[in-house]
Amino acid sequence: MKANLVGTLLAIALLGASGKWSAAAAQEVAAGEFDFFGDAFVLQLEEERTHPTVMVDLADGEQQAFILDTGASVHVIDSGIAEALGYEVIGELEIGAPGGNQVPGKIVRVPLASIGDAMIKNAEFVTMDFNEFSNGQFQGVLGTRLFQEHLLTLDLANGQMTVSRGSLSAGDSNVDTYEDVDSHIRVNVDIAGTRVPSHIDTGSMGGFTFPAELKRSLPLLEPAQRQVTALSLIHI
């Protein structure tokens, strides 16, 4: 139960920017440049993690666990690590789920970091007590805006990510389009005849999370059960 709670809290905290800052303000936080040699960069994700995880070297020789989160509109770094490395504070931003509690953080500039042989340059991160928040499991989050100039492939079945310089064709029968809504990947999901705009969120613990009002219209084989932070709709 503790691991599930941690994962649920992480998903809430990383959904986007709101509060006194608009989602547009999150767009002003620089995602940074991702650079690698050759046509493609391939990396094995960390095993036995609750979320897709990569190890990031913050140019200090230490390996820190960062969630690769398609639901994060900004990067996040543990505030203690940011302070210890002396990163420049260039602003402030509150992050949190729309309508939920907001977590205040400082925006810091990270001039250089690396994932394997790939380099991250001049990225900006929002700080929060992430290491404590995740019970020491993670030290930060990488949002997928970092890869917006590349083709990112997440092979979760084989625990592998690939970043390449190619692109997909919208005319390919195996390709589905999505909307970029405040740096979130949004697709339309048909649930028992109801069209539900949904985010694909690798920072979530998995499964589906729907608005509570849908319980009155969806045909359920079992009564809906209220969980820690969301309504779990099962056996649809």
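To be clear, the structure that these remarks concern was listed above.
Keep in mind it's a predicted model, so treat the numbers as computed, not measured. For every chain, the first residue of the written sequence is number 1, and numbering continues from 1 onward in sequence order. Per-residue local features are limited, in this predicted model, to residues with pLDDT of at least 70; the limit for side-chain atom pairs, both in listing and counting, is 80 or more; totals at the level of whole chains, interfaces and linings are taken over all residues. As a convention, hydrogens and water are excluded, and side-chain values are obtained from all of the structure's heavy atoms.

A word on the nonpolar core
Part 1 of the argument: Phe34, Val54, Ile77, Ile115 and Leu142 are the most contacted members of the largest nonpolar core, which has 27 residues in total.
Part 2 of the argument: Here a strand is any run of E in DSSP of at least two residues, a helix any run of H or I of at least four, and the numbering for each starts at the N terminus. For this core, the secondary-structure elements that each account for two or more residues are β2 (40-44), β3 (53-57), β4 (63-69), α3 (79-84), β7 (103-115), β8 (118-128) and β11 (160-164).
Part 3 of the argument: As used here, the term nonpolar core means buried Ala, Val, Leu, Ile, Met, Phe, Trp, Tyr and Cys residues forming a set that is joined through side-chain atoms within 4.5 Å. Three exposure classes are used, based on accessible area relative to the maximum for each residue type with a 1.4 Å probe and protein chains only: buried under 20%, partly exposed in between, and exposed over 50%. Among the nonpolar cores identified, the runner-up in size contains 15 residues, and Val29, Leu93, Val126 and Val141 belong to it.

Quick notes on the sheet that holds β2
Part 1 of the argument: DSSP-based pairing: two strands are paired if at least 2 bridges between them are found. Read across the sheet, 3 strands follow the order β2-β11-β10 without closing on themselves; strand pairing throughout is antiparallel. What marks the edges here is a single partner per strand, and that holds for β2 and β10 (151-155). Each strand axis lies, on average, 15° off the axis of its neighbour in the sheet, ignoring direction.
Part 2 of the argument: Summarising the sheet, β2 and β11 pair through 5 bridges and their orientation is antiparallel. Among the inter-strand pairings, Gln44 is bridged to a residue of β11, identified as Gln160. Angles run from 0 to 180 degrees between N-to-C directions of axes, and those axes are lines fitted to C-alpha atoms, restricted for helices to the stretch in contact.

Observations regarding the pairing of strand β5 (residues 75-78)
Part 1 of the argument: Residues His75 and Ile77 point to one face of β5 and Val76 and Asp78 to the other, with burial holding for every one of them.
Part 2 of the argument: Pairing geometry for β5 and β8, over 4 bridges, is parallel. When the sheet's bridge partners are listed, Val76 is paired in β8 with Val126.
Part 3 of the argument: In this sheet, strand β9 (residues 140-143) lies alongside β5 in antiparallel orientation, the contact comprising 2 bridges. From the neighbouring strand, Val76 faces β9, where its bridge partner is Val141.

Observations concerning the packing of aromatic side chains
Part 1 of the argument: What counts as a ring pair is set by centres within 6.5 Å for rings of Phe, Tyr and Trp (its six-membered ring), and what kind of pair is set by the plane angle: stacked under 30 degrees, edge-to-face over 60, tilted for all other angles. In total, this model carries 5 aromatic pairs according to the counting rule given.
Part 2 of the argument: Arranged with centres 5.9 Å apart and planes meeting at 55°, the rings of Phe34 and Phe36 form a pair that is tilted.
Part 3 of the argument: With relative accessibility at 5%, the residue Phe36 sits in the buried group.
Part 4 of the argument: Ring centres of Phe66 and Phe125 lie 6.2 Å apart, and the angle between their planes is 85°; on these two criteria the pair is classed as edge-to-face. Pair noted here: Phe66 is in strand β4 and Phe125 is in strand β8, with a separation of 59 residues, a long-range link.
Part 5 of the argument: The buried category is assigned to Phe125, whose relative accessible area is 2%.
Part 6 of the argument: Of the aromatic side chains, those joined through ring pairs into one cluster are Phe34, Phe36, Phe41 and Phe147.
Part 7 of the argument: Positioned above the aromatic ring of Phe36 is the side chain of Arg165, whose terminal nitrogen or guanidinium carbon lies 4.1 Å from the ring centre. By definition here, charges over rings are those cases where NZ of Lys or CZ of Arg is within 6 Å of the ring centre and within 35 degrees of the ring normal.

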